[in-house]
There are 2 protein chains.
Amino acid sequence: MNKPIKDLQPIKVEASPFPGSKKVYEPGVLFPDLRVPFREVALQKEANEPPVSLYDSTGPYTEEGFVPQIDKGLPRVREKLVLDRGDVEFIEGRKVKPEDNGNVSAERLAPEFPNLPKVMRGKPGHKVTQLEYARAGIITAEMEYIAIRENIRRKQDAEVIRDGEDFGASIPDFITPEFVRDEVARGRAVIPANINHAEVEPMIIGRNFLVKINANIGNSAVTSSMEEEVDKMVWAIRWGADNVMDLSTGRNIHNIREWILRNSPNPIGTVPIYQALEKVNGVAEDLTWEVYRDTLIEQAQQGVDYFTIHAGVRLAYVHLTANRVTGIVSRGGSIMAKWCLAHHKENFLYTHFEEICDIMREYDVTFSLGDGLRPGSIADANDRAQFAELETLGELTKVAWAKGCQVMIEGPGHVPMHKIKANMDKQLATCGEAPFYTLGPLTTDIAPGYDHITSGIGAAMIGWFGTAMLCYVTPKEHLGLPDRNDVKTGVITYKIAAHAADLAKGHPAARAWDDALSRARFDFRWEDQFNLGLDPDTARAFHDETLPKEAHKTAHFCSMCGPKFCSMKITQEVRDYAANMTDNEKADLEAATGMAEMSQKFKDMGSEVYIPAEPAE
Amino acid sequence: MNKPIKDLQPIKVEASPFPGSKKVYEPGVLFPDLRVPFREVALQKEANEPPVSLYDSTGPYTEEGFVPQIDKGLPRVREKLVLDRGDVEFIEGRKVKPEDNGNVSAERLAPEFPNLPKVMRGKPGHKVTQLEYARAGIITAEMEYIAIRENIRRKQDAEVIRDGEDFGASIPDFITPEFVRDEVARGRAVIPANINHAEVEPMIIGRNFLVKINANIGNSAVTSSMEEEVDKMVWAIRWGADNVMDLSTGRNIHNIREWILRNSPNPIGTVPIYQALEKVNGVAEDLTWEVYRDTLIEQAQQGVDYFTIHAGVRLAYVHLTANRVTGIVSRGGSIMAKWCLAHHKENFLYTHFEEICDIMREYDVTFSLGDGLRPGSIADANDRAQFAELETLGELTKVAWAKGCQVMIEGPGHVPMHKIKANMDKQLATCGEAPFYTLGPLTTDIAPGYDHITSGIGAAMIGWFGTAMLCYVTPKEHLGLPDRNDVKTGVITYKIAAHAADLAKGHPAARAWDDALSRARFDFRWEDQFNLGLDPDTARAFHDETLPKEAHKTAHFCSMCGPKFCSMKITQEVRDYAANMTDNEKADLEAATGMAEMSQKFKDMGSEVYIPAEPAE
């Protein structure tokens, strides 16, 4: 039925190192075989600085000399780690059924992945989830991997300057494996890592860690193909996506997902109801618990790392959306609302929630409790429907935790700036500090074509307030499916938001990056500026539009001011001057301008407005 | 010496109405001849809604049938209003000198504007500035124009729903001419409108009005021409720039500025020290008060509406920047710092500040007190140098006010999110609520090529906190001079930031726009979505990439989900269902889920987290 694999064109994805960068690996201590990746940016000779290490979520695709073999998949490094724990067993997996791919005809069937791994499942009565291990006091290999990763090669004894407002987060100066374990144990962080996704490089989502971002890809009934989706996945992680959600609808969902999973070093999330709906030909009222259950198992055995589950869309909340400007805008939410109304019954995801937990626990699939009633417009933000659902998600969080499952909570949506913090505060209070995972939020509705920006603003803010993962929005939001360029723009925008949040929270690993880039900027080390930037290609291209010659890469000026006058140059003269000033001269100057008083005033204002400068000599 | 004007190619600028929109004008009551412009967006028939009115700062260039005549300039409508007050006289203006254009050779001289207006100046002892009129209790034509403009055609008796957090601003439900006058009188708002810029459509900058944005253009020693700069100016205002700063350096500064002023319906700002520096061949230490004074008069007589003046870079503050990561990054700031050091004297802009006021008052040029010591990196934010200068700007504000001059204050720069609010609070406290005008701020340094986004985040936040005007940053920031595309991207990004701020402040005129667009979105009125968007062209182009056919413009689905399943469609079913529910049925449902309690809890949380929905029937 499938196209023979030999007829497949070789699938091309972008694989090359970042300019000026190499991938380096750190080993573990508890698990010496671990190879935790970092991107190391070498600086120009004149910098006289060591290379800069950056968090690297790009997988082997940015390794020197790596040749992707998409039809083989990535090495399944994690399989051994999982097996070593002795809690899982190989099983005969569920067989693929025609409806898994939407009963597509043979000639339109996406090829089956040719190198299917064997399916693993937790042995009855054994721990399988990271939460269960953490509660048992066990540090898993994934936890040590993450601890090393989150420190970005800072040493434990390195000096730490804390400068930020973290709104009650508890970010330590240094991340130990024990800290990772404890955060997972109390549910404040999740490690989305299905035992069957052995290609995954473990990462963590939690308020006391670096803020993460998610990119959505996926084909629809209208457009796109397997090749495109695999390419988009690799492209999204190249630019910084920590997680990718495959939101495919239409046909070939099963097969496309297999290719994505086998080639993704990052966790993959899905919304299983989308595929379940395809299995009942798109008729929401025909959905049944049995179809849904079968879909959960199908996807869990493939290795999906987290499931969005809209179990909070309760029958009683549906009418609360009736007078909204934009009703129910979540696809999953509206599917469930329709089902509830058609049957006048409680949401079957709610009534079967414990059974869902039992399935997810066996493979360590993390819950992403969906916000099916999120606001789709500024007018609908923070309304009763939204918050009623959030209360239910809090209730379900406790059920899932009791079952040993990891949980994160999805959040909005469209929210004006003054209503963003209330979302975070309410989520923390209601959901026992389970990680919050928000879509934006968009801070205005008036800019179709620019919703990466309307939402980047909200994302940075809610990340600062405590959201652990930010789901990107691309320029195509509300208008069409994102292409490659949109994916990149969305990812870069959200890396900005996440990093701005890390800085504002005072994450101790955040600011070194900004400082390194600013020193390069100040010294006119153009290559370093490009290479340290989030997007070296674009930075270089923009620079070269005005000053293309190679000589200009070392020029101590730029096209804004030109060579005749340069504000940066003057600072060197200021430094020489200050270095030659005596204390008396400084005191005289200060007295002349009343600065001594002023200086005291600054000090009185406290650290949130004034960070003392280094003494001038 | 000039190129004869007949040799000039006709200068092309974009002039066309926005799709689906027409320009309409409202008359004044006190000044019946006023024609206050609005953009009126007609909606699709099926909307069954009246057209939507939007604030329109695009000038006649978006009027149906308008043919720009760049070599004639725009109609000087305001000249009569100014003359009618009887306080100004025509004078023999200062003659253009070769150094005004950088002593450029005849063949490289930009053409002189062929239709020079006569120069006006305040009569000795007469009021000339909007501040002086306001203090005298006089409502000027400009004030009435602005009052009408700011209400965006809302009626005084229209119902107003206030929903926002304004941090102590005093935005009224309806803007009257008296309110405009009173805000100007107390220095909380400025109307940048040089009496010689008779082409200007008056606008206001103040915390209790809509947040405004500024776009920077200008040639440099390295690149660009008069034609390009005029085109960029028109292009910037097309997309929403309320003000434009001409930051030209290099040659032809005088002539290029004349073309810009004569064709700009929006206020134009400059940094006079840039031109003064050119006059002394780029050698900062050769600057003198006389050269600077002459430049102020030159530019004031041309009609520049506001001057950035770096009078706060005092000698005593210069050494405070010595240990910064990025020293002094403001061009004007570093010029003055260099001058101070070279002569070991106090900044001559500070020592001659009262004389500067006397000149600016005669033409009603507004002060934009420059932040020459603004931070150029996250590391340098909110440091002693920055805040020492801000204290001085507060002092100078009082001097300028005493002289009858209008004042706004420039702000940073690069500031992480957690340090933004302190900037606003300190500015309000130090500068007597004079309007704050900030550059971004950029919330991280790591994204060269995307600094419109790093800064759009900060701009939205500081706008919410009370900043009255946001100076845009384009994608080329730190890398090169912005081209046309960059200008557009920068402007749209900042329109988003400004509007998000208006929404969050609860500006009563803000939300109607979002709601109109969201209703259009919900109803699948694609044309209305495009036309109501900030950038209809891009929204339409993005949509058409996936679903190009005309039929799809009326399709009740989009490419994200396709025709088979649509979440928007389901809401109609929800509405039908809710409409048929009895109160008893709702009560039963609520009881079944514990919602009655929850509902009370929401109410207890107060309005900032919960805006009550309309009752369901």
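Residues numbered from 1 in each chain as written. Chains lettered and ligands numbered in written order. Predicted model: local features only at pLDDT ≥ 70, side-chain atom pairs only at ≥ 80, totals over all residues. Heavy atoms only, no water.

Per an unreviewed UniProt entry, chain A goes by the name Phosphomethylpyrimidine synthase and belongs to Asticcacaulis currens. Recorded in UniProt under Subunit (unreviewed entry), the annotation for chain A is "Homodimer." Recorded under Pathway (unreviewed entry), the UniProt text for chain A is reproduced unchanged: "Cofactor biosynthesis; thiamine diphosphate biosynthesis." (UniProt positions renumbered as here; feature names shortened; annotations may be inferred.)

## Overview of the side chain of B:Asp294
Along the chain, B:Asp294 turns up in helix α8 (residues 289-302). If near-sequence neighbours (up to four positions away) are discounted, B:Asp294 is found in contact with B:Arg94, B:Lys97 and B:Lys279. (Helix = DSSP H or I, 4+ residues; strand = E, 2+ residues; numbered from the N terminus. Contact = heavy atoms within 4.5 Å.)

## Some words on the interface of chain B and chain A
The partner chain A presents 141 residues to the 141 residues of chain B that form the contact. Of the roughly 12,200 Å² buried at the junction of chain B and chain A (both faces included), carbon and sulfur atoms supply 68%. Counting the contacts that link chain B with chain A gives four salt bridges. Viewed at the interface, chain A and chain B are joined by 24 residue pairs in polar contact (both at pLDDT 80 or more). For the side of chain B that touches chain A, the element with the highest residue contribution is helix α16 (residues 484-505) of chain B, accounting for ten residues. For the side of chain B that touches chain A, a count of residues per class yields 69 nonpolar, 39 polar and 33 charged. (Buried area = accessible area lost by both parts, 1.4 Å probe. Salt bridge = Lys/Arg side-chain N within 4 Å of Asp/Glu carboxyl O. Polar contact = N/O pair within 3.5 Å; in protein donor to acceptor, adjacent residues only side chain to side chain. Nonpolar A, V, L, I, M, F, W, Y, C, P; charged D, E, K, R; others polar.)

## Details of the nonpolar core
A:Phe367, A:Met417, B:Phe367 and B:Met417 are the most contacted members of the largest nonpolar core, which totals 329 residues. If we ignore the near neighbours within four places in the chain, the residues touching B:Met417 are A:Ala460, A:Met461, A:Trp464, A:Ala500, A:Ala501, A:Ala504, B:Thr443, B:Ile457 and B:Met461. (Core = buried A, V, L, I, M, F, W, Y, C linked by side-chain atoms within 4.5 Å. Buried < 20%, exposed > 50% of the residue type's maximum accessible area, 1.4 Å probe, protein only.)

## Considerations on the pattern of salt bridges
Charged atoms that come close allow side chains of opposite charge to pair. This model, assessed by the stated rule, comprises 100 salt bridges over all chains. The salt bridge involving A:Asp84 is made with A:Lys80; its shortest N-O contact spans 2.9 Å. With A:Asp84 and A:Lys80 both in helix α1 (residues 78-84) and four residues apart, this pair spans about one turn of that helix. Residues A:Asp84 and A:Lys80 agree in their burial class; the two are exposed. B:Arg162 serves as the salt-bridge partner of B:Asp173, at 2.6 Å between the closest nitrogen and oxygen. Here B:Asp173, found in the loop between α3 (141-150) and α4 (177-185), pairs with B:Arg162, found in the loop between α3 and α4; they are eleven residues apart in sequence, far enough to count as distant.

## A closer look at the packing of aromatic side chains
All names here are of chain A. Counted by the stated rule, this structure contains 30 aromatic pairs over all chains. Ring centres of Phe524 and Trp526 lie 6.3 Å apart, and the angle between their planes is 55 degrees; on these two criteria the pair is classed as tilted. Since its relative accessible area comes to 1%, Trp526 is described here as buried. The structure contains a cluster of three or more aromatic residues connected by ring pairs, namely Trp289, Tyr292, Trp339 and Phe348. (Phe/Tyr/Trp six-rings, centres within 6.5 Å; stacked < 30°, edge-to-face > 60°.)

## Some details on the relation of the copies chain B and chain A
After a rotation of 180 degrees and a shift along the axis of 0.0 Å, chain B superposes on chain A with an RMSD of 0.0 Å. One copy is carried onto the other by what is essentially a two-fold rotation axis. Nearest to the rotation axis, the C-alpha of B:Ile457 is located 2.3 Å from it, this being the minimum over chain B. A shared binding surface is used by both copies, with 100% of the interface residues of chain B retained as interface residues in chain A. (Least-squares fit on C-alpha atoms with pLDDT ≥ 70 in both.)

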